[in-house]
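# Report on the structure
Each chain, letter by letter, is given below.
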Amino acid sequence: MEGARVEVLERFAAGDAEAFECLFRQHQGAVFRWIVRIVRNPAVAEELTVETFWRIHRARSRFDAKKGNFCGWMRRIATNVALDHLRRVQPEVELPEELPARRTPVAAEQNELRRLIYAAMDHLSPQVRAAVLLALVGEEPYEEVGKALGISTAAAKLRVFRGVRVLRKELSRVGVQA
Amino acid sequence: MSDPELEKIKSLLREAYPPQNEELRRDLWAEMQERLSQRVIRVPWWDWALLAAASAMTLLFPGVIPALLYHL
């Protein structure tokens, strides 16, 4: 099993189109799920999944099939693609689509709170925002967050704490106790 | 930062960002193939530099045009 996996990776690194297709079909779902956690938009995540595999395809000759961890490498590229997207798009405050038909005072209050949280998140840099979303919302271990962002576990923790500090400051500025 | 403070922020964030358990609903291979078929023609920077140098030469010294044509 392991031998077959390495063989596919070796063929992929050598430029075999079938091996690439095999890897694409095997991992497209995982890449999509990872990206959607960062960009929070399924349509955009689909586009970015294709972009991720495009970059993987271009960088195939640099991948060492015997020593390299394909999933880790792929996740790192997917994270970079998602971060590039976050850098490109202007921060904006969007309300979720599933707003209740009849707005009760409680629902209105919740929507206002969400809006304030989104606005506070817009104060974070894409790297810090991704770290916060992955660690605190996606509950990914700091080690995984660090690997995906290409930094150490300690640096990932620091990035999340820095993000939390900014969020607390921004939220308390607008009167939300956090 | 104490744990209760972190937990408070976590719960606020989770309320604002509901879990994204979104699954990929379709196969993206067709899009991937389309992307792969778009051949990107890249001209290396030194080719552009050479072109710029040749253009500058012909403008400054029109006498070199026959020599350049000879070498083409």
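Nothing here was measured: the structure is a model prediction, and the numbers come from that model. (Residues numbered from 1 in each chain as written. Chains lettered and ligands numbered in written order. Predicted model: local features only at pLDDT ≥ 70, side-chain atom pairs only at ≥ 80, totals over all residues.)

### Remarks on the overall build of chain B
The helix and strand inventory of chain B stands at four helices and zero strands. Written out in order from the N terminus, the α and β elements of chain B read α-α-α-α. At 30 Å, chain B has a C-alpha radius of gyration far larger than the 11 Å of a compact globule built from 72 residues. Each principal axis of the C-alpha atoms in chain B carries an extent, and together these give about 80 × 40 × 15 Å. A buried classification covers 8% of the 72 residues belonging to chain B. (Helix = DSSP H or I, 4+ residues; strand = E, 2+ residues; numbered from the N terminus. Rg over C-alpha atoms; globule rule 2.2 N^0.38 Å. Buried ≥ 20, exposed ≤ 12 C-beta atoms within 10 Å, placed from the backbone.)

### Considerations on the confidence of the model for chain B
The predicted model of chain B averages 84 in pLDDT, with 93% of residues at 70 or higher. If you check the scores for this complex, the pTM reads 0.75 and the ipTM reads 0.73. (pLDDT = per-residue confidence, 0-100.)

### Considerations on the domain arrangement of chain A
Accessible area lost upon the coming together of the parts is a frequently used measure of interface size. Residue and element names in this part refer to chain A. You can read the domains of chain A as domain 1 (2-88) and domain 2 (105-173). Centre-to-centre, using C-alpha coordinates, domain 1 lies 25 Å away from domain 2. Domain 1 puts ten residues into the contact, and the matching count from domain 2 is eleven residues. Looking at the side of domain 1 that touches domain 2, the elements that each hand over two or more residues are helix 2 (17-39) and helix 4 (70-88). By residue number, the principal contributor to the side of domain 1 that touches domain 2 is helix 4, which donates eight residues. Looking at the side of domain 1 that touches domain 2 residue by residue, the classes come out as four nonpolar, two polar and four charged. (Domains from an automatic or database assignment. Contact = placed C-beta atoms within 7 Å. Nonpolar A, V, L, I, M, F, W, Y, C, P; charged D, E, K, R; others polar.)

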